[in-house]
Every structure is written in C-alpha cells, then in structure tokens.
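Structural overview
Single-letter residue listing:
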Amino acid sequence: MKAAVCEQEPLAYSGAIQSHGVLLALGADNQPVAVSENWPLVSPLTFEELTRVAAEDILTPLEVTNLTQYRHQAKTAAQHVLGARSLGHQTFDLTLHRQGDIWLLEWEPGGETAPKTSALFVEKWALQLTKTAQQARLVGDFDRAIVYQFKPDHSGVVVAESLKNDDQDSYYDLRFPATDIPQVARNLYAKNAIRLNQDAGATACPIRILDPEVAPLDLSRSVLRNISPYHVRYLQKMNVATSVSVSLMADQELWGLLTVHHSKPRYVDVREREILVQLGRNLMESHNIAELDNRIAAMDRRGWVIQDIEAALAVTDPGASDIPRVLRPWARAAKPAGVAICRQ
C-alpha cells in the first residue's frame, strides 16, 4: 500500500473494534446509540432490547453512580474506570470516555477466566512434572524416572515419566491400587525424605543386637533399612534392581513419590540422593506456589464483587424495592443458588 493511501486512511472511523473487548455508546439521554456486534459477551440483553432501555437497566447501581458523577465532572475526553465485574467466569474492566456528545463504555478482559487460570495451572504443572522426571533420571543416567501421585483413596497414578530408551514399556497414566503401597509403607514415606533400594537381588544383612534393651531396633528413619520381601518380588517382576523414591509432601501430607528405576544394580551415593531430594522439594514448592496464586486470585475476584455490592447498597435505600435490581447483575454473573441480605 502506498504511503499516500495510508495517510488518507480514516483510522478514527474504522467502524470496528478489537474483538477482545466490547463497546457501547450512550447518547445524552443515557440511551444506547451504538454497540459492538459481540455485545452478548457481557450482557443477556438482545440488540432489540437495547433500543428500549437506558444505562440504568444495563449497568450496576455503582457503575451508574460513577457514570453520573463522571458525566457531570468530566471536562476532558480522558478515560475513567467505572469498575470491574465478573460475568460468568470472565472478569471485565469497564472504562468510560467522552467523544463529543457521545459517551463510550468499553469492556475489556480484566484478568484470566477461572477455567483459563485452571487450565494454565494444569498445563504449567504438567510441564513441571515432566521436567522433574527428566532431571531425576539424568542425575544417575537411570533407566526410568516417574512421578507417582496418590489419590484420595490411596490408589496411585503415574503422572509423569522419563525413559532412557524409546523401546521401554511406559507406565505413564497407569493406575495402581492402594494395596501396592500399603498404609504402613505410606506412613514411612511420610516420615522419610527418601527411600533407597540399592539392589533388590542382594541378600539382607541381619542386625546383631548387643544390648537387649534396644530390641527391636526402630529403623523407620534408616536409609539402609531392608525392604520388604514382597516389595523385592514386586520390583523383580518389573525388572528393577535399583530404585530410589523421594517423598513428595504437600501441606504435610504425602502427595506422591518421585522414583527412579534401574534394571541393573547401581549404587546411588549420598550426593545423588541429595539432588533427587532437592528436585522433589522444588517440584512441590512450585506446586504450592501455583495453588496459592490460584487461591489468591479467586479471593481477589470474590473480594471486589463483595466490595461492589456493598458500595451499591450504600447508595441505595436499604428499604427500597429496587434492591433486587442492585443484586441482579452479580446474581446473573455468579449464578448462586440464592441471595440473602442480613440487616444489622
């Protein structure tokens, strides 16, 4: 396109807006005079209904109050923030500015939607799980590394995996019954940061008790504690000679295990085990931070909705019959089972 043509382009009169936002134009009498085609994103009112209503029927009482205030005070075309509103799962920021005798209301996404936030968290978390499994396997060039998550019924599922060779059978997304890791074993995992099995085929070395008063010797926190013969057979069926499991704790509860397997006996020294433990801790820290961020965001969204309702009620006579109209926009957005107003 020639520069001369660009110079003549009527940019201010394009007749369209960017589709991520919604626009409504109000005339001097607060009647809608124009609206963007994606209006249904922010309101259940049809285009035909818009021709018969005023701003007071579209906006919340607080937004109407702010609109009236700005219309009386505004001396420039500066943009004003009228507020924010949750519509369905989406948060929208509403701004206002004057263009001659027309007032333009513009809704823009003010934050991630709840489903998107959740989906983003799940996606990032899945990548973190896979990354941790890959890093754990590379610590000792192990054959396999998995992240195993316990479910509320104590069964488990492999939520991430890293394999040394492409021709290995994958355990990813396999479910295992609670009996595979019984309660007594889960209790020990919760007590210890790491569980070590250097060689499933090795003969156990008995402990000689020199002082009868210490018998039986509590080995619940011993890194050298011999593993159960049942677990030995379990590992041998999986063709695993060496295994190391790091306990993954969330809110002081056993969330899962970060486990590495090797088909041949392999000594995993203290330094390698410390790295594996740190990888597990880093994983759970990222999990806790992400969950905290989601909780804070949800609390923030609830907080400003409550503040808006309180502010709207503050400018409305508590005994007035239009209180239902005050609450209707938030009721449509939140879709609660009911709304109650308690007077003190």
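See above for the structure.
Presented here is an overview of the structure given in this document. Remember, predicted model here, so these are calculated numbers, not experimental data. (Residues numbered from 1 in each chain as written. Predicted model: local features only at pLDDT ≥ 70, side-chain atom pairs only at ≥ 80, totals over all residues. Heavy atoms only, no water.)

Before going further, it helps to spend a moment on the overall build of the protein. A tally of helices and strands in the protein yields 9 helices and 11 strands. By the burial criterion, 39% of the 344 residues in the protein qualify as buried. Sequence-distant contacts, at least 24 apart, represent 52% of the contacts inside the protein between residues at least 6 apart. Roughly 21200 Å² of accessible area belongs to the protein as shown, and the carbon and sulfur atoms make up 54% of that amount. (Helix = DSSP H or I, 4+ residues; strand = E, 2+ residues; numbered from the N terminus. Buried < 20%, exposed > 50% of the residue type's maximum accessible area, 1.4 Å probe, protein only. Contact = heavy atoms within 4.5 Å. Areas by Shrake-Rupley, 256 points an atom, 1.4 Å probe, with all protein chains shown as cover.)

Further remarks concern the side chain of Ser43. Looking at the secondary structure, you find Ser43 in the loop between strand S2 (32-35) and helix H2 (47-50). Judged by its relative accessible area of 10%, Ser43 falls in the buried class. Within the structure, the side chain of Ser43 is placed 3.1 Å from the backbone nitrogen of Leu45, a separation counted as a polar contact. (Polar contact = N/O pair within 3.5 Å; in protein donor to acceptor, adjacent residues only side chain to side chain.)

Moving on to the packing of aromatic side chains. With the rule as written, the count across this model stands at 4 aromatic pairs. Seen from their ring centres, Trp39 and Trp107 are 5.5 Å apart, and the 75° between their planes marks the pair as edge-to-face. With a gap of 68 residues between them, Trp39 in the loop between S2 and H2 and Trp107 in strand S5 (residues 102-109) connect regions that are remote in the sequence. Residue Trp39 is classed as buried on the basis of its relative accessible area of 1%. Summarising the aromatic geometry, the rings of Trp125 and Trp255 are spaced 5.8 Å apart at their centres and angled 80° between planes, so their arrangement reads as edge-to-face. (Phe/Tyr/Trp six-rings, centres within 6.5 Å; stacked < 30°, edge-to-face > 60°.)

As a further point, take the side chain of Ser36. Tracing the backbone shows Ser36 in the loop between S2 and H2. Polar contacts involving the side chain of Ser36 include one to the side chain of Asn38, which spans 2.6 Å. Residues in contact with Ser36, not counting those within four places in the same chain, are Ile17, Val22, Leu23 and Phe47.

Turning our attention to the pattern of salt bridges. If charged atoms from side chains of opposite charge come close, those side chains can pair. Tallied over the entire structure, the rule returns 6 salt bridges. Each of Arg137, Asp141 and Lys164 takes part in one network of salt bridges that share partners. (Salt bridge = Lys/Arg side-chain N within 4 Å of Asp/Glu carboxyl O.)

Our next topic: the nonpolar core. Soluble globular proteins: nonpolar side chains tend toward being buried together. Within the largest apolar cluster, 25 residues are counted, with the highest numbers of intra-cluster contacts made by Leu129, Val147 and Trp255. Considering every element that reaches this core, the biggest residue donor is helix H8 (residues 270-314), with 5 residues. If we ignore the near neighbours within four places in the chain, the residues touching Trp255 are Trp125, Leu129, Val147, Tyr148, Gln149, Phe150, Val159, Leu248, Met249, Ala250, Met284 and His287. The next biggest cluster of nonpolar side chains, apart from the first, holds 20 residues, and it includes Val22, Leu24, Leu67 and Leu96. (Core = buried A, V, L, I, M, F, W, Y, C linked by side-chain atoms within 4.5 Å.)

Another point: the pairing of strand S7 (residues 156-163). Where burial is concerned, most of S7 is hidden: 7 out of the 8 residues are buried. Pairing geometry for strand S6 (residues 144-150) and S7, over 7 bridges, is antiparallel. Across the sheet, residue Ile146 finds its bridge partner in S7, namely Glu161. Linking S6 to S7, which pair antiparallel, is a turn of 5 residues; within it His154 sits at a positive phi near 75°. Here S7 pairs with strand S8 (residues 175-176) via 2 bridges, running antiparallel. Residue Val157 lies in a different strand from S8, and its bridge partner there is Arg175. (Pairing = 2+ DSSP bridges.)

This brings us to the pairing of strand S9 (residues 194-197). Each regular strand shows side chains that alternate between the opposite faces of the sheet. Residue alternation in S9 divides its side chains into two sets, Ile194 and Leu196 and Arg195 and Asn197, and both sets are buried. Of the pairings in the sheet, the one linking S9 to strand S10 (residues 242-250) comprises 4 bridges and is antiparallel in character. Looking across to S10, one finds that Ile194 is bridged to Val246.

Before going further, it helps to spend a moment on helix H7 (residues 229-237). Regarding H7, its N-cap is Ser228, as a side-chain oxygen of that residue lies 3.1 Å from the backbone nitrogen of Tyr230 further along. Positive backbone phi, at 60°, marks Asn239, one or two positions downstream of H7.

Moving on to the sheet that holds S8. Read from one edge to the other, the open sheet built from 6 strands follows the order S8-S7-S6-S11-S10-S9, with strand pairing classed as antiparallel. Looking at the sheet topology across the chains shown, the edges are occupied by S8 and S9. Both S6 and strand S11 (residues 253-262) contribute to a ladder of 6 bridges, which runs antiparallel. Residue pairing in the sheet places Ala145 in a bridge with Val260 of S11.

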